[in-house]
Amino acid sequence: MPKLRLLTAALTLTATVAVAHQGVSNPAVMARMNAMSAISANVKTLGTMAKGQVAFDRMVARAVAASIADHATRSIDLFEAPETDPKSEALPAIWDNYADFAAKSEDMARVAQSLAGSIETLADVQAGMEPLGQTCAACHKLYRE
Ligand code: HEC
């Protein structure tokens with residue numbers, strides 16, 4: 001049951017990174033960090049598939065891409081209030097340019113959703129990694145320490 005194993009691995013990874021946020025005292029900051037960590041765990045799962053470290057599976061790849069889109073869509077609200085925490089890497093520029101920040105989140109959701117609907121082959125996963133990664137970088141370079 002490789003699909004189940006892969007999904008279990010992705011979930012385990014999410015749980016592991018969530019524990020790394022123990023020093024965060026503001027629950028609103030914790031929630032948005034956890035959302036980012038879940039997105040990141042999904043991207044890592046696609047990355048291991050792209051590199052051939054786990055077998056390509058069209059349905060798993062599509063489900064993981066859909067999960068990124070879902071987290072992206074649901075997590076944008078977690079960033080709306082200017083919540084802070086000593087452990088946060090969020091830059092104040094987010095709340096000076098919130099419309100741009102939200103647009104960058106929508107870019108991530110759109111690229112991930114398009115992958116979720118179009119992946120047919122391993123080559124599609126491999127080709128999708130760079131455009132997806134660019135949506136992360138476009139936001140992080142402006143809005144994350
Ligand atoms: C719309 C902007 C935006 C996009 C798009 C975005 N991020 Fe982030 N990300 C942030 C911000 C802001 C933080 C810092 C949050 C904080 O520390 O309060 C962050 C933090 C993170 C973290 C650290 C979470 C932690 O443990 O504290 C990871 C990992 C991460 N992002 C991965 C990704 C990946 C992978 C993508 C692309 C698939 C992505 N992000 C796309 C804004 C974004």
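To keep things clear, this report deals only with the structure shown in the data block. Note that the structure is predicted; figures quoted are calculated from it, not measured. (Residues numbered from 1 in each chain as written. Predicted model: local features only at pLDDT ≥ 70, side-chain atom pairs only at ≥ 80, totals over all residues. Heavy atoms only, no water.)

### What about the overall build of the protein?
- Each helix and strand in the protein was counted, giving 6 helices and 0 strands.
- N-terminal to C-terminal, the α/β element order of the protein is α-α-α-α-α-α.
- Burial statistics for the protein: of 145 residues in total, 36% are counted as buried.
- Long-range pairs, those at least 24 residues apart, make up 76% of the contacts in the protein with a sequence separation of at least 6.
- Accessible surface for the protein amounts to roughly 8000 Å². Of this, 61% is attributable to carbon and sulfur atoms. (Helix = DSSP H or I, 4+ residues; strand = E, 2+ residues; numbered from the N terminus. Buried < 20%, exposed > 50% of the residue type's maximum accessible area, 1.4 Å probe, protein only. Contact = heavy atoms within 4.5 Å. Areas by Shrake-Rupley, 256 points an atom, 1.4 Å probe, with all protein chains shown as cover.)

### Examining the site of the ligand
- Taken together, 24 residues surround the ligand, and among them His 21, Met 36, Cys 136, Cys 139 and His 140 come closest.
- With respect to the ligand, the side chain of Ser 37 contributes an N or O atom lying 3.5 Å from an oxygen atom.
- At 2.8 Å, a side-chain N or O of His 140 approaches a nitrogen atom of the ligand.
- Assessed atom by atom at 2 Å from the grid points, the ligand resides in the largest pocket.
- Elements with a contribution of two residues or more to the shell around the ligand: α2 (27-50), α5 (98-118) and α6 (122-143).
- Ranked by residue count, the leading element in the shell around the ligand is α2, at 8 residues. (Near = heavy atom within 4 Å. Polar contact = N/O pair within 3.5 Å; in protein donor to acceptor, adjacent residues only side chain to side chain. 1 Å grid on protein atoms, 1.4 Å probe; cavity = no way out; pocket = protein on both sides within 12 Å on 5 of 7 lines; lining within 4 Å. Sits in = over half its atoms within 2 Å of the grid points.)

### What to know about the environment of Ala 31
- The residue Ala 31 is located in helix α2 in this model.
- When the C-alpha atoms of Ala 31 and His 21 are compared, they prove to be 9.8 Å apart, with 10 residues separating the residues in sequence.

### Overview of the packing of aromatic side chains
- Enumeration according to the criterion identifies 3 aromatic pairs in this entry.
- Ring geometry for Phe 79 versus Phe 101: centroids 5.1 Å apart, planes at 55 degrees, classification tilted. Here Phe 101 lies in helix α5 and Phe 79 lies in the loop between α3 (58-75) and α4 (93-96), a separation of 22 residues in the sequence. Of the two residues, Phe 79 and Phe 101, both sit in the buried class.
- In textbook terms, an aromatic cluster arises when at least three aromatic residues are bridged by ring pairs, as seen for Phe 79, Tyr 98, Phe 101 and Tyr 143. (Phe/Tyr/Trp six-rings, centres within 6.5 Å; stacked < 30°, edge-to-face > 60°.)

### A look at the pattern of salt bridges
- In total, this model carries 6 salt bridges according to the counting rule given.
- The residue Arg 74 makes a salt bridge to Asp 70 at a minimum N-O spacing of 2.8 Å. Placement of both Arg 74 and Asp 70 in helix α3 is noted, with a separation of 4 residues, approximately one turn of the helix.
- A salt bridge links Arg 144 to Glu 89; the nearest nitrogen and oxygen atoms lie 2.8 Å apart. Note that Arg 144 is positioned in the segment after α6 and Glu 89 in the loop between α3 and α4, a separation of 55 residues in sequence.
- On the basis of relative accessible area, Arg 144 is assigned to the partly exposed category, the value being 39%.
- In the salt-bridge network here, residues are joined through shared partners; they are Arg 58, Arg 62 and Glu 120. (Salt bridge = Lys/Arg side-chain N within 4 Å of Asp/Glu carboxyl O.)

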